[in-house]
Amino acid sequence: MQVSVEKRASVNSETDLFAVLTTSINSENWRLPPRWAEIDDWVDGNLRRVVDLGDFSGKAGQTVRLYSKDGTFPKRIILVGIGNSKEVGPKELRNACSRVIEEATKLESRRVAILPPLERRLSSSACLQAMSEGFILGGYRYDQYQTAKDKPKLVAHAAILIETANLRTARRASGAGIAIAESQNLARDLSNQPPCDLNPVTLAEAAKEMAKATGLRCKIEDLQGLKKLKMGAMLAVAQGSSNPPRLITLEHNPPKPGQKSRRPTVCLIGKGVTFDSGGLSLKPSGSMVTMKHDMSGGATVIGAMRACALLRLPIHVVGIVGAVENMPSGTAYRPDDVVTSASGKTIEIGNTDAEGRLVLADALHYARTTFEPDALIDLATLTGACVIALGKWCAGVLANNEALASRIQVAGETTSERFWQLPLWEDHRKFIKSHIADVKQVGGREAGTITAAAFLSHFVGDTPWAHLDIAGVANTDQASSGQPRGATGFGVRALIELLQNWKKL
Ligand code: BES
Ligand code: MN
Ligand code: ZN
């Protein structure tokens, strides 16, 4: 889909659907705003009528379709309510624009124009960015595996018509929104792809292809490379699968070889378990469905790296994805095994279904020692306990640095991706002491999300670090505006929001 910003209030004959976004209307003392006079004329006075009759009041989510009188364009007009003017912001505009695209797709309207509300505040950069995101996210489908010929025709063009804002600034904001949302859609695509086709090798290939297209540096470690790096924890997970593991490193603004970057360095680390059967601690069949999404942390990292490149963020960002498949077999790792991580610390295995933390242990150590970053941020569908604790409404954040945790929460508040902090104390770390090795892989049933983070904390040293548990939000079985069933690409927007305004911790 093409998105454009144009400085005009009206439409041309090529527009198939004209959407008018409207804040709440108080019909008692309502008079037709001058800018709507022309629209009201197209629809033969019906715009005024639907408001006067109380059929449309601009409530959030409300839509009314109107048809223009003979010989006038566009043929279809849709009024979209976005709610109380005081409460409307980027989130409401993003959702409304997704809604418009979804309606347009149903109507097979190929060319759409949107008239945002008049309030000056609602054509700010943040709002134009969010509207553009809404279009791209609302146009997302994952139908590569459907053979039907009658797939819906997607919207080809969406134009935002602005009256007051500076056109250049507006176009820049819209362009950023497009880049970010398309990157989120890339993350969704990777996460939605069935595990028979998306394995560690093909995931690495996809990352490499994206890096080539955007100018990121890309390095892939194969089995040999991982052995050289002594990544015994990640290798233990990989050894049960016939699909070999990969360690993917993507770099934006890399320093000259052998030098340390003069820019701030932030490492994003993603769990890339392309399928999680549980290994020998096999999951029950029901819990195994959706485990193709267990690489969503990695997908979000790859998506965010794409956006970093396209937006030319002025900092050094490194994306690292540990890609493995967790399978049971005669060569699989076992409960009771002791493995040696890249850091040298030994780990007592208690449950082969707690594989994500092993992958992250080595990836975090690698990130910290190779890039000496200012901050480490990992994303992972790490624990079922997080789904129980926080549900699908937010991701968990656990950190050894309060400023970093709170900045991530603020960024997520801005992009409508919520994070909720859980505590991480010395008491939790004590809970995973081992009698036979340096550290135990799993604690008991209590506070599963926190003990998982406590385990990870052993591998980050004193580098500022935040762990984002996205198990509850990485995929959804309930569609909503801008979000079909399946992968969400959660976190791409928040990470970019955070990195765009990066300041020393
Ligand atoms: N990938 C799962 C976590 C998960 C569960 C994500 C449900 C999304 C939905 C992870 O690898 C896992 O299996 N964790 C175990 C850990 C336990 C064995 C300590 C869990 O949460 O049950
Ligand atoms: Mn698991
Ligand atoms: Zn897992």
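All of these numbers come straight from a predicted model, not from anything done at the bench.

Calculation rules
- Residue positions are given per chain, counting from 1 as you read along its sequence in written order.
- As they are written, the chains are lettered A onward and the ligands numbered 1 onward, keeping that order.
- Thresholds applied to this predicted model are a pLDDT of at least 70 for local features of residues and 80 or more for the giving and counting of side-chain atom pairs; totals over whole chains, interfaces and linings are not thresholded and use all residues.
- Neither water nor hydrogens contribute to the side-chain values; these are computed over all heavy atoms in the structure.
- Here, the term nonpolar core denotes a set of buried Ala, Val, Leu, Ile, Met, Phe, Trp, Tyr and Cys residues that are joined through side-chain atoms within 4.5 Å.
- Only protein chains enter the accessibility calculation, which uses a 1.4 Å probe; a residue whose area is less than 20% of its type maximum is buried, one above 50% is exposed, and one in between is partly exposed.
- Helical segments are the DSSP runs of H or I of at least four residues, strand segments are the runs of E of at least two, and each set is numbered from the N terminus.
- Whether two residues touch is decided by their heavy atoms; if any such pair falls within 4.5 Å, the residues are in contact.
- Counted as coordinating are nitrogen, oxygen and sulfur atoms within 2.8 Å of the metal, or 3.2 Å for Na, K and Ca, while water is not included, which may make sites look incomplete.
- All geometry calls rest on donor angles, where a four-donor set with angles between 85 and 135 degrees is tetrahedral, four- and six-donor sets with opposite donors more than 155 degrees apart and all others between 65 and 115 are square planar and octahedral, and all else is irregular.
- Each domain's limits were defined by an automated method or a database of domain assignments.
- Once two parts are joined, some of their accessible surface, as seen by a 1.4 Å probe, is lost; buried area is that loss totalled over both.
- The working definition used for a salt bridge is a side-chain nitrogen of Lys or Arg within 4 Å of a carboxyl oxygen of Asp or Glu.
- Identification of polar contacts relies on pairs of N or O atoms within 3.5 Å, with a donor-acceptor requirement for protein atoms, meaning one able to donate a hydrogen and the other able to accept it, and with residues adjacent in sequence counted only if both atoms are side-chain atoms.
- The residue classification treats Ala, Val, Leu, Ile, Met, Phe, Trp, Tyr, Cys and Pro as nonpolar and Asp, Glu, Lys and Arg as charged. All others, Gly included, are polar.
- Proximity criterion: a residue is near a molecule or strand once any of its heavy atoms comes within 4 Å of it.
- Note on areas: Shrake-Rupley, 1.4 Å probe, and residue coverage restricted to the protein chains presented here.
- Only strands that DSSP links by at least two bridges are regarded as paired with each other.
- Angles shown run from 0 to 180 degrees and are taken between the N-to-C directions of axes, each axis being a line fitted to C-alpha atoms and, for helices, limited to the stretch in contact.
- Each cavity reported here is a set of points on a 1 Å grid over the protein atoms alone in which a 1.4 Å probe fits but cannot get out, each pocket an open set with protein on both sides within 12 Å along at least five of seven lines, and each lining residue one with an atom within 4 Å of a point.
- Grid points are joined across faces, edges and corners, and a volume is the space filled by probe spheres set on the points.

(A) A look at the nonpolar core. Leu203, Leu268, Ile377 and Leu499 are the most contacted members of the largest nonpolar core, which totals 55 residues. For this core, the element with the highest residue contribution is helix H10 (residues 296-310), accounting for eight residues. Excluding residues that lie within four positions of it along the chain, Leu203 makes contacts with Leu190, Leu198, Ile248, Thr274, Met295, Ile302, Val321 and Ala323. One finds Tyr333, Ile347, Leu376 and Ala453 within the second-largest nonpolar core, a separate group that totals 44 residues.

(B) Broad picture of the coordination of the manganese ion (ligand 2). At the metal site, the manganese ion (ligand 2) is ligated by Asp276 (OD), Asp353 (O), Asp353 (OD) and Glu355 (OE), and these contacts range over 2.1 to 2.2 Å. Seen from the manganese ion (ligand 2), its six donor atoms lie at angles of 73 to 171 degrees, and the figure they make is irregular. Read from N- to C-terminus, the donor residues coordinating the manganese ion (ligand 2) fall into the pattern D-x76-D-x1-E. The distance between the manganese ion (ligand 2) and the zinc ion (ligand 3) is 3.1 Å, with Asp276 acting as a donor to both metals. One end of the pair, Asp276, is in strand S9 (residues 265-276); the other, Glu355, is in the loop between strand S12 (346-348) and helix H11 (356-371), with 79 residues separating them in the sequence. Per residue, the accessibility class of Asp276 equals that of Glu355, and both read buried.

(C) A look at the coordination of the zinc ion (ligand 3). With distances of 2.0 to 2.4 Å, the protein atoms coordinating the zinc ion (ligand 3) are Lys271 (NZ), Asp276 (OD), Asp294 (OD) and Glu355 (OE). Donor residues for the zinc ion (ligand 3) sit on one chain with the sequence pattern K-x4-D-x17-D-x60-E.

(D) Region of interest: the domain arrangement of the protein. Taken domain by domain, the protein comprises domain 1 (2-179) and domain 2 (207-500). Of the residues lining the interface, 11 residues belong to domain 1; the matching set on domain 2 comes to 13 residues. Together, the buried faces of domain 1 and domain 2 total about 910 Å²; carbon and sulfur atoms form 53% of this surface. A per-residue breakdown of the area domain 1 buries against domain 2 is headed by Arg94, Leu137 and Ala179, which together make up 42% of the total. For Arg493, the salt bridge identified is with Glu133, shortest N-O distance 3.9 Å. Where domain 1 packs against domain 2, one counts two residue pairs in polar contact (both at pLDDT 80 or more). The element that contributes the greatest number of residues to the side of domain 1 that touches domain 2 is helix H3 (residues 90-106), accounting for five residues. Across the side of domain 1 that touches domain 2, the residue classes tally to four nonpolar, three polar and four charged.

(E) Just the site of ligand 1, in detail. Not every one of the 15 residues close to ligand 1 is listed here, only the nearest: Lys283, Asp294, Asp353, Glu355 and Gly384. Within the side chain of Asp276, an N or O atom sits 2.9 Å from an oxygen atom of ligand 1. In this structure, Asp353 approaches ligand 1 through a side-chain N or O atom, which is 2.8 Å from an oxygen atom. Considered on its own, ligand 1 offers 520 Å² of accessible surface; in the complex 74% of this is hidden by protein.

(F) Region of interest: the sheet that holds strand S15 (residues 419-421). Taken in spatial order, the eight strands of this open sheet run S7-S8-S10-S9-S13-S17-S14-S15, and their pairing is mixed. The strands lining the two open edges of the sheet, one partner per strand, are strand S7 (217-221) and S15. For this sheet the average axis-to-axis angle between neighbouring strands, irrespective of direction, equals 20 degrees. In this structure, S9 lies alongside strand S10 (residues 316-326), joined through 11 bridges in parallel fashion.

(G) Quick peek at the sheet that holds strand S1 (residues 2-6). As summarised here, the arrangement of the six strands in space is S1-S6-S5-S2-S4-S3, forming an open sheet in which the pairing is mixed. In this open sheet, the two edge strands, each paired with only one partner strand, are S1 and strand S3 (63-67). Across the sheet, the axes of successive neighbouring strands diverge by a mean angle of 20 degrees, strand direction being ignored. Alignment of strand S2 (residues 17-23) against strand S5 (residues 111-115), held across four bridges, turns out to be parallel. Across the sheet, residue Val20 finds its bridge partner in S5, namely Leu115.

(H) Examining empty space enclosed by the protein more closely. In total, this model carries two cavities of 30 Å³ or more according to the counting rule given. Approximately 70 Å³ is the volume found for the largest cavity. Lining the largest cavity, in full, are Arg35, Pro116, Pro117, Leu118, Glu119, Ser123, Leu161, Ile162, Glu163, Thr164 and Ala165. Residue composition of the lining of the largest cavity, by class: six nonpolar, two polar and three charged. Taken as a whole, the second largest cavity holds about 40 Å³ of empty space. Looking at the second largest cavity, the residues that line it are Ala187, Ser191, Ser296, Ala299, Thr300, Ile470, Ala474, Thr488, Gly489 and Phe490. At the level of elements, helix H5 (167-192) and H10 are the ones that each hand at least two residues to the lining of the second largest cavity. Ranked by residue count, the leading element in the lining of the second largest cavity is H10, at three residues. Residues belonging to the lining of the second largest cavity are distributed by class as follows: five nonpolar, five polar and no charged.

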